[in-house]
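Here's the letter readout for the chains.
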Amino acid sequence: MNAQKRWTGILLTLLLLSGSSAWAEAPSDPVIKFDNKSDIELDLAVMTEDLVPLLIEAMEADGDDDVEEVKMLVDMFGLMALDKLHLESESTKKGGTSKVVLTLDTDEDTGLLGELFSIPQGECGFAKYLDKDELTLAVSIQNFAGHLDLLFDLLGRPEFAELTAEMPFNADGELEINGFNPQRQLLPLLSGELDIVLGDLPESDQFNPMALPVALVLGSEDGAALRDLILELMTLFAGDQGAGMAEMIRSLEPEQVGDFEVVATPFGGAYAVSEDYFVLGVSGESLGALLAEAKGDLRVPKGRTWMYMNGEKYGRTMAGVMDLAEGMGAGYGDSDLEKKWMDLMYSNLFDHLESETVRTTSREDRLVVEMDVQGSVMAGMYGMLRSFALELPALIEQQHSQSASYDVVGELDSAFTQYGVDHGGLFPADPHELVGEGYLEEFPLEVETAPGAYVDGAYTYHALKDEEGRIVGYYFFVYGGGEGTGWDVYTDENIGLGDDFIVGSDGIKDGVASFCYDGIALQQMADRK
């Protein structure tokens, strides 16, 4: 017995001996004491002086074409001005704090790093609308306009000329796109801050992205003028279609909510305007609720950026987002173990994180990042491990079923491929012909089932025909691992297509553990991806 099987057996034995009721009553936090402090300081000047020349020398010796570009980036970013990296952290059972300080030697050329650090700090005035207890996530970039200003300035510099040669610059060296000059038309309307706010998502059995109380906030010197500019840009960059949409939006009557005029569009989405802000949201209802009163209790310290996260609410929201993404075919990939681990992270770890805040500040010679976590990370990790152990037997059984199907499909795939080679790209009408013509000694599966009708260990075969009725492709699916697992390959429509079958996706997994395909199915799968 190998090590993996031995430890699996031990864990299963413990589960059986303990009984499910004993495990259900296990303590949620086994950590008796956890006190940890660290103080680390690195001399980055020594490291860069040692390592950068060695890297460049190695690239030159290898004849690397990128060596001059690397030298340019080292100079441009001011990497040789890196001085110290200082990390302090303190952790207990109830949470922890950490602080990172990156310093530059201002006697050296600090390059782009120095310019970034020197962007003036800003404030989050929008915080007055935010109640901490009603938030899932809040992020404030407190001088977004300053970062944009530096970006536009960089694009016009001679040292970037090779990279920006295709960009449309005017005679003054400023970016200008179809007559739109962001430096002269956009930046004067921005007061500084950019905020992203996610409110408290209502508890529901089904995650609804259109109910997300999310808002993107731009601080403005004149909110109405910024709105008008955005509508003009819709016309400028989207032609007649954009012009029609902009005109329709202009015709909508706003609702006065507190300091804001809120407009909900008939195609989804909403925006709000005040003297100081332009706000985009998913729905007029959630946006109105967010902006109703300027009596928020959130305290956002002045700085470069700031972030607050409510652990339990964030975990619940992210679990919903991941389930939705998986249903749309953009989830965790092919690994059920990976999916399970991610599910447990959001349902266990974040439940134990009461909150997390991150703040960055800077001045010419340094960047400071401070983080504060309230809640027991160790208890959350233990909850993940315990839940994983409880579900391990079912996962192991599922993996065994899927592994067996992989072996079967591999054997069939080789036989189908050789059959196609020998028959000029044609394939059998019935997979059992592989046995009759000597490509298989025996057929490895006993039960055939209807498309989309799950039977453990059964198979479904789809023969694909050309205009002349010849079978020039196929899909062969093997079921295993349980309903609601594996691949999502069937929809109500494609089950009824017969010989015109094309793999589809409706967000419901069909229990297909493995499959193979060839012929025209190859192109179908390439087009689908």
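Side chains of Asp39, Glu41, Asp43, Glu49, Asp50, Asp75, Glu88, Asp107, Glu108 and Asp109 sit close together on the surface and give a patch of like negative charge. Mapped onto the negative patch, the elements with two or more residues apiece are strand S1 (36-43) and helix H3 (44-61). A total of three residues in the negative patch trace back to one element, the largest contributor, which is S1. Here glutamate 108 is to be found in the loop between strand S3 (95-104) and helix H5 (111-118). By relative accessible area, which is 42% here, glutamate 108 ends up partly exposed.

It is characteristic of soluble globular proteins that their nonpolar side chains tend to be buried jointly. Counting 24 residues, the largest nonpolar core has Phe126, Phe260, Val279, Leu287 and Leu291 as its most contacted members. Contributions of two or more residues to this core are made by strand S4 (135-141), strand S6 (214-220), strand S8 (260-264), strand S9 (270-273), strand S10 (277-281), helix H9 (284-291) and strand S11 (305-310). The element that contributes the greatest number of residues to this core is H9, accounting for three residues. One finds Phe152, Phe180, Ala246 and Tyr271 within the second-largest nonpolar core, a separate group that totals 21 residues.

If you walk through the whole model with that rule in mind, you get 16 salt bridges. Ionic pairing is found between arginine 157 and aspartate 153, a salt bridge with its closest N-O pair at 2.6 Å. Between arginine 227 and aspartate 228 there is a salt bridge, with its nearest N and O atoms 3.2 Å apart. Because the salt bridges share partners, they merge into one network encompassing Glu60, Glu68 and Lys71.

Scored by pLDDT, the chain has a mean of 83; 85% of the residues are at 70 or more. Per-element confidence in the chain is highest for S1, whose mean pLDDT is 95, and lowest for helix H2 (residues 20-24), whose mean pLDDT is 43. The low-confidence segment residues 1-26, where pLDDT is below 50, has 17 contacts with residues more than four positions distant or belonging to other chains. In the model, residues 327-334 has pLDDT below 50 throughout and makes 13 contacts with residues more than four positions away in sequence or in other chains.

With respect to the helices and strands, the residue glycine 496 is situated in the loop between helix H14 (492-495) and strand S16 (512-519). The spatial distance from the C-alpha of glycine 496 to the C-alpha of proline 451 is 9.0 Å, given a sequence separation of 45 residues.

Now for H3. Taking 1.5 Å per residue, 18 residues should reach 26 Å; H3 reaches 25 Å between its end C-alpha atoms and fits that length. Contacts made by the buried residues of H3 are with S1, helix H4 (67-77), strand S2 (82-92) and S3. Regarding H3, its N-cap is aspartate 43, as a side-chain oxygen of that residue lies 3.1 Å from the backbone nitrogen of alanine 45 further along. Positive backbone phi, approximately 70 degrees, marks glycine 63, located one or two places after H3.

This brings us to the pairing of S9. Residues Ala270 and Ala272 line one face of S9 and the alternating positions Tyr271 and Val273 line the opposite face, and both faces are buried. Bridge count between S8 and S9: four bridges; the pairing is antiparallel. Of the residues in S9, the one forming a bridge with valine 263 is tyrosine 271. In this structure, the hairpin formed by S8 and S9 is closed by a connection of five residues, where glycine 268 is found at a positive phi of approximately 95 degrees.

Let us look at the side chain of arginine 227. Along the chain, arginine 227 falls in helix H8 (residues 223-251). Not counting the four nearest positions on each side in its chain, arginine 227 is found in contact with Glu261, Tyr271, Val273 and Phe278.

A separate point is the packing of aromatic side chains. In the structure shown here, the tally under the stated rule is 28 aromatic pairs. Judged by centre distance (6.0 Å) and plane angle (70 degrees), the ring pair of phenylalanine 477 and phenylalanine 501 falls under edge-to-face. With phenylalanine 477 in strand S15 (residues 471-479) and phenylalanine 501 in the loop between H14 and S16, this pair connects stretches of sequence that are 24 residues apart. For the pair phenylalanine 477 and phenylalanine 501, a shared accessibility class is recorded, and that class is buried. Of the aromatic side chains, those joined through ring pairs into one cluster are Phe416, Phe427, Phe443, Tyr459, Tyr461, Tyr474 and Phe476.

Another aspect to go through is the sheet that holds S16. Overall, antiparallel pairing links the three strands, which are arranged S14-S15-S16 in an open sheet. Sheet topology places strand S14 (459-465) and S16 at the edges, where each strand pairs with a single neighbour. On average, each strand axis in the sheet is tilted by 10 degrees relative to the strand beside it, whichever way the strands run. Here S15 runs beside S16; their pairing, made up of seven bridges, is antiparallel. Bridging from a neighbouring strand, tyrosine 474 pairs with aspartate 518 of S16.

About the thresholds
Residues numbered from 1 in each chain as written. Predicted model: local features only at pLDDT ≥ 70, side-chain atom pairs only at ≥ 80, totals over all residues. Heavy atoms only, no water. Patch = residues over 30% accessible without salt bridge, like charges linked within 9 Å, V, L, I, M, F, W, Y side chains within 5 Å. Areas by Shrake-Rupley, 256 points an atom, 1.4 Å probe, with all protein chains shown as cover. Salt bridge = Lys/Arg side-chain N within 4 Å of Asp/Glu carboxyl O. Lys, Arg positive; Asp, Glu negative; His and termini not counted. Charge placed at Lys NZ, Arg CZ, Asp CG, Glu CD. Helix = DSSP H or I, 4+ residues; strand = E, 2+ residues; numbered from the N terminus. Buried < 20%, exposed > 50% of the residue type's maximum accessible area, 1.4 Å probe, protein only. Core = buried A, V, L, I, M, F, W, Y, C linked by side-chain atoms within 4.5 Å. pLDDT = per-residue confidence, 0-100. Contact = heavy atoms within 4.5 Å. Expected span 1.5 Å × (residues − 1). Polar contact = N/O pair within 3.5 Å; in protein donor to acceptor, adjacent residues only side chain to side chain. Pairing = 2+ DSSP bridges. Phe/Tyr/Trp six-rings, centres within 6.5 Å; stacked < 30°, edge-to-face > 60°. Axes fitted to C-alpha atoms, helices over the stretch in contact; angles between N-to-C directions.

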